[in-house]
Amino acid sequence: MKKLILILGSLLLIGVVAILVFISLHSPQYEGELKLDGLAAEVEILFDEFGVPHIYATNEADAYLALGYVHAQDRLFQMEMMRRVGTGSLAEILGKDLLEIDQFFHTLGIPAHAESSTEYWEAQSETPWKSATEAYIQGVNQFIAEGNLPVEYSLLGIKPRQFTINDVHAITGYMSFTFAMAVKTDPLLTQIARELGPEYLASISINTLPQHVFIPNHYPVDQVRDTTETASLISMLDKLPVPLLEGSNAWVVSGNKTKNGKVLFANDTHIGFASPSVWYEAHLEYPGFHFYGNHLAGIPFGLVGHTDFQSIGLTMFENDDQDFFEEKLNPQNADEILIGTESFPIRSRKVQIAVKGEPSVDFEIQETIHGPIMNKVVPEIAKLTNNPVSSWWVYTSEPTRALEAIYSMNHAKSMKEVADAAALIHAPGLNIMYGDAEGNIAWWAAAKLPVRKAEVNSKFFRDGSDPDDQPGGWLPFSQNPQSINPPWGYVVSANNQPDTLANGTLVPGYYFPGDRYKKIADALEKRSDWTLDQLKTIQLDTENSTHAKNAQILLQTLSRQKYSDFEDLIQVLSSWKGTHHVDELSPLVYYKWLYHTLRLAMEDELGSESFATYLETFAMIRSTHLFLSHEQNIWWDKTTTEPIETKAEIIDEAFLLTLEELKGQFGEDPKTWKWKDAIVSVHPHPLGAQKPLDKIFNVTTDALEANAEGVNKLAFKLNGEGIYTVSSGPAMRILLDFADAEGSVSVLPTGQSGNRFSPFYKDQASLFVKGKYRAQLMNRSAIKSSSANRLLLEPIEN
């Protein structure tokens, strides 16, 4: 028996040692010394208590090489996923299920555009941003060659190839694709117009309505330099192993509205939930530079960040930068299209897509003068027309200069330098938010805005054969939406419609209705003594009064006498203010009731797939109040029945279904129903779709105050199951007071590291759920006192 116990004990010890060795071989290194090729001098990295690297170097190249190394050791697999989306090579490591995504991105043109941007990059003379980027890439590659690779590579049985500038451009292309609203929305709206008729569009907000909230412009005189010249897609995109950028809030308050007279700055970017979360924080210091930034995986410069002088934030502009042209084939030559009487060739190119475990696939892409033909890769387009439909996209119209722009913003010494850098961004459209220690506040809508004729509605397929309706020129950047030091004392951006331009036109886009903007702006108007702590109450607010108004419309239409047994429930919903506290009843009833109301009204005309698409478009978000209140709404009648149904009948039927389903889900007594019982909060990892890897890699949290369009936006898909998985939310929450720029605070949804064996993989998840913040340290003494880990990088002596 003693011998058996000894043997079992030895085996257990061997097993424990083997596990520890395995973990150590796949864990990041946060302390000790490393020798790296290419360093000119020693670099000290202090990792604070949340794993943020504070990099101290004697020169710029060493700082960015060090950043590349530590960024890779924490986020290499995330870099892998993002570059493979952008290069159309997911199937090579994840298999044939991802082939259709690769084909979509190749057709859209992101891999080809990355290659053309790389050619443009290599043709340019040496610049500071080129040198810094090349140093960063060198750091990434040294980690790939010498560091402890994350365990995902072992599980997939692959090794990472070297990182390249083309990968950086491909990741920028992924960012530019963002939320795919045009490609989701335009085919659907075209379908409604063609198959149902204009009367069905009357209850849908295709363009911004007068009751929606506009962002006011405030154009300065000679402030900004003019630098420019005059099968469903959704189910496919659900397979993406990286999150999409979706929205965001940002606001900057001038000193005349703050207690201490200094500028306050707030930003929370809304991005799909994922593990790891999108942003990687890093603090860089070398002579003349002192910057704390939030970085995308594979991008050396911070898209969001601050120095002790200025702070940069962003939201998605949501402008319409993609049009679809329905082409007319030349009856004399099917390889040509006609524009008027003039013919233009349909070009063809082939790409070879590698597929894991199978032969490579040769894939043909056809292109017209307007852009790639999308019928093969977007099922909604293929169902709608047999004619070729080409995608004209601003992003692929010229090489990207995003790296130059972001580097320049990180290193800017004045507001004008930031404006000049913003003018370099052609796509995607970004709202650049700015504040500085001198008291300046600003907002610029950064994008190349195409000139379209007034009669063109870019939400519908355009006639590719019309010679009078072809892509034209661009607005000068000085005419873009912007607000520089407005007299009302703040700038706010929440993905809503910018007001009319200097030329009297509105920029078309996929804008949100402005609920978040109004909530923020209304709060800022009420006082002139704001503090950083007080701004937290705005940033964490989950109330949406529009939903409460929608609930009132439903209740006013309901035949309440039929539901006397549920009068207590109805009374609770009647007094609902649009809050989303986890113990509330009202959101649980409202969203289920709203879903069934929309489904019963629309699914018979649209079909189940198109209805599901509608629920994920900007049109649903900003049309629901109009849809419910529009008295001549033709959707209420069911086309499959002889009698003409009324609004009241549909709403009654939806309410009955809602009660039956909620009783089946949560019990007979509505007093026990709580919003938290319907909420699932998971940050999914690319490998987490496979059991049991979900238990290892996915990060699951307590229920959140999930809401649609609260300032603290925690979004989910409206559905009939009545279980709502939070799909996106703030990818960080930042607050900064220029009275103490080194005392800014933030929080990430999961953690700083994407390495499962790092202690920083999910250490911020609880803080995020509870609405807590932690310091963004920039003071060296404070960093040293809180740092448990010091990594010293030394040059290799020749």
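Just above, that's the structure.
Small disclaimer: the values here were computed from a predicted structure and weren't measured.

Participant: Explain helix H21 (residues 647-666) to me, please; I cannot follow it from the model alone.
Facilitator: Since the α-helix advances by 3.6 residues per turn, residues separated by three or four positions end up pointing in the same direction. The end-to-end C-alpha distance of H21 is 28 Å, a good match for the 28 Å that 20 residues give at a rise of 1.5 Å each. Those residues of H21 that fall on the buried side of the exposure criterion are Lys647, Ile650, Ile651, Asp652, Ala654, Phe655, Thr658, Leu659, Leu662 and Phe666. If you follow the buried residues of H21, they end up packed against helix H16 (545-557), helix H17 (567-574), helix H18 (586-606) and helix H20 (618-629).

Participant: What should I look at first to understand the layout of surface pockets in this one?
Facilitator: Left-over empty space is what a probe sized like a water molecule reveals as it rolls over the atoms. Computed from the structure, the second largest pocket encloses a volume of approximately 510 Å³. Here the lining of the second largest pocket is composed, by residue class, of ten nonpolar, eight polar and five charged.

Participant: Just to check I follow, could you spell out the packing of helix H6 (residues 128-146) against helix H12 (residues 402-410) for this structure?
Facilitator: Two quantities define a packed helix pair, namely the angle between the axes and the distance from one axis to the other. Their axes nearest at 9 Å, the elements H6 and H12 cross at an angle of 100°. Put simply, H6 runs roughly perpendicular to H12. On H12, the residues touching Pro128, Trp129, Ala132 and Thr133 of H6 are Leu403, Glu404, Tyr407 and Ser408. Per-class residue counts for the contact of H6 with H12 are five nonpolar, two polar and one charged.

Participant: So what exactly am I meant to see when it comes to helix H9 (residues 181-196) here?
Facilitator: Over its 16 residues, H9 runs 22 Å from end to end, which matches the ideal 22 Å to within 8%, given 1.5 Å per residue. Burial of H9 is extensive: twelve of the 16 residues sit out of reach of the surface. Every buried residue of H9 is listed here: Met181, Ala182, Val183, Lys184, Thr185, Asp186, Pro187, Leu188, Leu189, Thr190, Gln191 and Ile192. One or two positions beyond H9, positive phi appears at glycine 197, with a value near 110°.

Participant: Hey, could you run me through the pattern of salt bridges in this one?
Facilitator: Pairs may arise between side chains of opposite charge once their charged atoms sit close together. Taken as a whole and judged by the stated rule, the model has 35 salt bridges. The closest approach of N and O atoms between glutamate 92 and arginine 84, which form a salt bridge, is 3.0 Å. You can call glutamate 92 partly exposed: its relative accessible area is 37%.

Participant: In this structure, what is going on with unusual backbone geometry? I would like to understand it.
Facilitator: A negative phi angle characterises most non-glycine residues, just as the trans form characterises most peptide bonds. Cis geometry is found at the peptide bond from alanine 427 to proline 428, where omega equals 0°. Relative to the helices and strands, proline 428 is located in the loop between helix H13 (415-422) and strand S19 (430-436). Here the amide bond leading from lysine 691 into proline 692 is cis, since omega sits at 5°, within 30 degrees of zero. Inspection of the secondary structure puts proline 692 in the loop between strand S25 (682-683) and helix H22 (693-697). Phi angles above zero are rare outside glycine, and serine 248 is one such case at about 145°.

Participant: Which parts of the structure should I look at to understand the sheet that holds strand S17 (residues 371-372)?
Facilitator: Each strand in a sheet pairs with another by means of backbone hydrogen bonds, the pair being arranged parallel or else antiparallel. Strand order in the open sheet made by the three strands is S15-S16-S17, with antiparallel pairing throughout. Looking along the sheet, the strands with just one partner apiece sit at the ends: strand S15 (347-355) and S17. Bridge count for S15 against strand S16 (residues 358-368) is eight bridges, and the pairing is antiparallel. When the bridges of S16 are listed, arginine 347 appears paired with glutamate 367. Strands in contact with helix H4 (residues 99-108) are S15, S16 and S17; relative to S15, the strand with the most contacts, it is inclined by about 150°.

Cut-offs used in this document
The numbering scheme is per chain: residues are counted from 1 as the chain's sequence reads. This being a predicted model, a pLDDT of at least 70 is required before a residue's local features are given, and a value of 80 or more before pairs of side-chain atoms are given or counted; all residues contribute to the totals for chains, interfaces and linings. Side-chain figures throughout are based on the complete set of non-hydrogen atoms in the structure, without hydrogens or water. Numbering of helices and strands starts at the N terminus; helices are DSSP runs of H or I of at least 4 residues and strands are runs of E of at least 2. By this rule, a helix spans an expected 1.5 Å times one less than how many residues it contains. Accessible area is worked out with a 1.4 Å probe on protein chains only. A residue is then buried under 20% of its type maximum, exposed over 50%, and partly exposed in between. Residue contacts follow a heavy-atom distance rule, with two residues in contact if any of their heavy atoms lie within 4.5 Å. A cavity here means a set of points on a 1 Å grid, drawn over the protein atoms and nothing else, where a 1.4 Å probe fits but cannot get out; a pocket is an open set with protein on both sides within 12 Å along at least five of seven lines, and a residue lines either one if it has an atom within 4 Å of a point. Grid points are joined across faces, edges and corners, and a volume is the space filled by probe spheres set on the points. Throughout this entry, Asp, Glu, Lys and Arg are counted as charged residues, while Ala, Val, Leu, Ile, Met, Phe, Trp, Tyr, Cys and Pro are counted as nonpolar. The remaining residues, Gly among them, count as polar. Structural elements are reduced to axes, namely lines fitted to C-alpha atoms, with helices fitted over the stretch in contact, and the angle between N-to-C directions of any two is expressed from 0 to 180 degrees. In what follows, roughly perpendicular refers to angles from 65 to 115 degrees, roughly parallel to angles under 35, roughly antiparallel to angles over 145, and oblique to any angle outside these ranges. Here, a salt bridge means any Lys or Arg side-chain nitrogen found within 4 Å of an Asp or Glu carboxyl oxygen. Strand pairing requires that DSSP identify at least two bridges connecting the strands.

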